[in-house]
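A structural walkthrough
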Amino acid sequence: MTEFPKHFIWGTATSSYQIEGAWLEGGKGLSIWDAFCHTPGKIKHGQTGDVASDFYHRYKDDIALMAQLGYKNYRFSLSWPRIQPTGYGKPNPEGIRFYSDLIDTLLEHGITPWITLYHWDLPLALQLEHHGWLNPKTAEFFVDYADICFEHFGDRVKHWITLNEPWVVAILGFHDGAMAPGRSSNHEPYLVGHQLLRAHGLTVERYRQKFQSRQKGMISLSNNCDWREPLTDSPQDQAAAQRAVEFFLGWFADPVFLGDYPEVMRSRLGDRLPQFTDKDRELIHGSGDFFGLNHYTTLYCAQRKEGEAVDPFTFGNGGIMEDQDIKLVLDPSWETTTMGWAVAPWGCRKLLNWIDKRYDHPPILLTENGCALPDQVKEGRVNDQKRIEFLKSYILECHQAIQQGIDLRGYFCWSFMDNFEWSLGFSQRFGLVFIDYNNLKRYPKDSAFWYGNVIRNNVIQA
Ligand code: PNW
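Residues numbered from 1 in each chain as written. Predicted model: local features only at pLDDT ≥ 70, side-chain atom pairs only at ≥ 80, totals over all residues. Heavy atoms only, no water.

**With respect to the nonpolar core**
To keep things clear, this is the line we draw: Definition of nonpolar core: a set of buried residues of the types Ala, Val, Leu, Ile, Met, Phe, Trp, Tyr and Cys, connected through side-chain atoms within 4.5 Å. Only protein chains enter the accessibility calculation, which uses a 1.4 Å probe; a residue is then buried when its area is under 20% of its type maximum, exposed when over 50%, and partly exposed in between. Helix and strand labels come from DSSP, where a helix needs a run of H or I of at least four residues and a strand needs a run of E of at least two; each type is numbered from the N terminus. Residue contacts are defined here by distance: any two heavy atoms, one from each residue, within 4.5 Å place the two residues in contact.
Among the nonpolar cores identified, the biggest contains 139 residues, and W33 and Y451 are the most heavily contacted of them. In terms of residue count, helix α10 (residues 235–257) provides more of this core than any other element does, 12 residues in total. Apart from residues lying up to four places away in sequence, W33 is in contact with Y17, I43, W120, D121, A178, M179, A180, W422 and S423.

Set out below in structure tokens:
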């Protein structure tokens, strides 16, 4: 039996576009994901999030189910175009009402809300009129939007995450083009990353200046990072793995927690990496009350040899992989999920250690971890023993990290329920709750009950 610290935070997570549906209801404007999904060829089987998990209409039942399962913290995101249909101007009252009722329902059920302000569904008008995240102005629009959210929800919401995974926005949205807005460039990711960091910094400044003293909440961002294990213990491979994590996590975490981009990025990227003005640097440095981390998997990493093809995991045409000069390798003996992601729980502990050292022992929240599996309902039941094993193994590594002195404060399972997995549509099931997309019926998987017991008892049974 493995016991967790008394106040350890257990939660589950989702995001607006992946679960809400109701894409044309309640006065909502369009987002870049609505447009992307309605562009033929972009999403597996032409699927869209028009209906998704229909959370917009079923949130009351879903929250009742969360409470029944014993869940205590719920991380979800707000759809910016539901709140501001074009991304600027007056808030849409129906959007405000929806989220306000959602928050009240959570609180009535004893569930603490954790709000992500941006989980990728940028108002389409900002993309069309202003080139979205390529334009420094978008950071300013974002602060106005965040201000509306703090104003309307901050009396009841004490945990804020500005951005979910800026790395994914920059790389999958502007480098390999698999995600909205679907661009492919070797320099745009660095420009976009820069504006995302500015948006984050400005938003945290706004929260701290105008809201934090009376609302008394905390605010940060959630970065995603896989672990990169040196393929061999040669100094070259060790340096390559270190460089890979700096390009992945350091890109967005160094400016916030250390005050600038990693030196290895500045020296390798030269003019392609924007520089912070003194004002922006000051704004961004220290703009995190905790270290939000989303972690899923691990790969080996080696120094790329002269002329060697980068690897099968490369997005597009080299680009950021060439910039890093690394080669990634999947160990064929590792089990993988339906995403093709390796199950390597020890990588989670190593990454937590890396963060603890580099950023001087910050309080860490694991804001996403989980796996996609080929779940099926049989006689009303989803026997997903593999997910239980996955969660158990990752959570046990988290526990070890805590034993080693790492300040890990909480763990959020991705995801509360099955949902729209971006360009892979509904083919990936990450949920603790199964959804039959023919009738939208919900079936808690075996893992959902298992996780409820973990939360209730604050222990992992061997
Ligand atoms: C995260 N990658 O996305 C997101 O926060 C979720 O919306 C998503 O459903 C979940 O993880 C599972 O994919 C990622 O390619 C998408 O490295 C892609 C990557 C990482 C995270």
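Still more ground to cover, so stick around.
**A look at the sheet that holds strand β4 (residues 112–118)**
Formally: By definition, two strands form a pair when at least two bridges between them are found by DSSP. Orientation is described by lines fitted to C-alpha atoms, with helices fitted over the stretch in contact, and by angles between N-to-C directions that extend from 0 to 180 degrees.
The strand order around the closed barrel built from eight strands is β2-β3-β4-β5-β6-β8-β11-β12, with neighbouring strands paired in parallel fashion. Looking at each pair of strands side by side, their axes are set apart by 25 degrees on average, direction ignored. Sheet contacts for α10: β6 (218–224) and β8 (291–294); angle to β6, the most-contacted strand, approximately 160 degrees.

**What to know about the pairing of strand β14 (residues 441–444)**
Here strand β13 (residues 433–436) pairs with β14 via four bridges, running antiparallel. Bridged to V433 within β14 is P444. The loop that links β13 with its antiparallel partner β14 comprises four residues; one of these, L440, has a positive phi angle of about 65 degrees.

**Comments concerning the pattern of salt bridges**
Formally: For salt bridges, the criterion is a side-chain nitrogen of Lys or Arg within 4 Å of an Asp or Glu carboxyl oxygen.
Here the structure, examined in full by the defined rule, presents 30 salt bridges. Its salt-bridge partner being D104, residue R156 comes within 2.8 Å of it at the nearest N-O pair. Taken together, the residues span a long stretch of sequence, with R156 in the loop between α7 (136–153) and β5 (159–164) and D104 in helix α5 (residues 93–108) at a distance of 52 residues.

**Concerning the packing of aromatic side chains**
Using the following cut-off: To pair, rings of Phe, Tyr and Trp, with the six-membered ring standing in for Trp, must have centres within 6.5 Å; the planes then decide the type, stacked if under 30 degrees apart, edge-to-face if over 60, and tilted in the middle.
Summed over the entire model, instances satisfying the criterion amount to 53 aromatic pairs. Ring centres of F257 and Y359 lie 5.9 Å apart, and the angle between their planes is 55 degrees; on these two criteria the pair is classed as tilted. Of this pair, F257 sits in helix α10 while Y359 sits in the loop between α14 (345–358) and β11 (364–369), and the two are 102 residues apart along the sequence. With a centroid separation of 6.2 Å and 70 degrees between ring planes, the pair formed by F434 and Y443 is classed as edge-to-face.

**Concerning the side chain of N164**
What counts is decided by this rule: In protein, a polar contact means a hydrogen-donor-capable atom and an acceptor-capable atom, both N or O and within 3.5 Å, with residues adjacent in sequence counting only if both atoms are side-chain atoms; elsewhere, any N or O pair within 3.5 Å suffices.
Tracing the chain through its elements places N164 in strand β5. Of note is the side chain of N164, whose polar atom sits 3.0 Å from the side chain of H119.

**A closer look at helix α15 (residues 385–403)**
Residue pairs three or four apart in sequence face the same way in an α-helix, which turns once every 3.6 residues. Note the following rule: By this rule the span expected of a helix is its residue count minus one, scaled by 1.5 Å.
Helix length check: α15 (19 residues) gives 27 Å between terminal C-alpha atoms against 27 Å at 1.5 Å per residue, within 8%. What α15 keeps buried is the set R387, I388, F390, L391, Y394, I395, E397, C398, H399, A401 and I402. Of the residues flanking the end of α15, it is G405, one or two places downstream, whose phi is positive at about 100 degrees.

**Some words on the site of the ligand**
Where we set the bar: One heavy atom within 4 Å of a molecule or strand is enough for the residue carrying it to be called near that molecule or strand. Under the convention used here, a 1.4 Å probe and the Shrake-Rupley method define accessible areas, while residue burial counts only the protein chains that appear. Under the grouping applied here, Gly and all other residues not named as nonpolar or charged are polar, the nonpolar ones being Ala, Val, Leu, Ile, Met, Phe, Trp, Tyr, Cys and Pro and the charged ones Asp, Glu, Lys and Arg.
Looking at the ligand, there are 16 residues lining it, with Q18, H119, E368, E421 and W422 nearest. Here an oxygen atom of the ligand sits 3.1 Å away from a polar atom, N or O, in the side chain of E165. Within the side chain of W422, one N or O atom sits 2.9 Å away from an oxygen atom of the ligand. Notes on the ligand: free accessible area 460 Å², of which the protein chains cover 93%. Among the elements that make up the shell around the ligand, the one with the highest residue count is helix α8 (residues 166–174) (three residues). Here the shell around the ligand is composed, by residue class, of nine nonpolar, four polar and three charged.

Coordinates in, geometry out; function isn't part of it.
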